[in-house]
Amino acid sequence: MSGEVRIDARGMRCPWPAVRLARALRDGATRVEVIADDPQAPTEIAAVSASANATIEIVLNVSNSTFVVTCR
């Protein structure tokens, strides 16, 4: 896997959104967009991003959050 990946993790409870993000990064994705609605997602996704030395951008809307993780 390489390039851009989109993960729709709505309805998944943590740690599953973070686990799927970690798998995508491990498989070589350079940019991952994660859509998640679990309240713990920001903390879990930020931890995975930090461990991968990646940047994270959080886009909030009414129903869920989108996390854009980019490898440096």
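Let me sum up the structure you'll find in this document.

Basis of the calculations
Residues numbered from 1 in each chain as written. Predicted model: local features only at pLDDT ≥ 70, side-chain atom pairs only at ≥ 80, totals over all residues. Heavy atoms only, no water. Patch = residues over 30% accessible without salt bridge, like charges linked within 9 Å, V, L, I, M, F, W, Y side chains within 5 Å. Areas by Shrake-Rupley, 256 points an atom, 1.4 Å probe, with all protein chains shown as cover. Salt bridge = Lys/Arg side-chain N within 4 Å of Asp/Glu carboxyl O. Buried < 20%, exposed > 50% of the residue type's maximum accessible area, 1.4 Å probe, protein only. Helix = DSSP H or I, 4+ residues; strand = E, 2+ residues; numbered from the N terminus. Arc of directions from axis to C-beta. Contact = heavy atoms within 4.5 Å.

### Considering a nonpolar patch on the surface
A contiguous nonpolar patch, built from I56, I58 and L60 and spanning about 290 Å² of accessible area, is present on the exposed surface. Here L60 falls in the exposed class, since its relative accessible area comes to 66%.

### Comments concerning helix 2 (residues 41–51)
Residues of helix 2 that are buried: A41, I45, V48 and S49. Viewed along the axis of helix 2, the buried residues span an arc of 100°, placing them on a single side of the element. Exposed residues on helix 2 whose side chains face more than 90 degrees from its buried face are T43, A50 and S51. Buried-residue contacts for helix 2 involve helix 1 (16–26), strand 2 (29–36), strand 3 (54–60) and strand 4 (65–71). Just downstream of helix 2 lies N53, where phi reads positive at about 55°.

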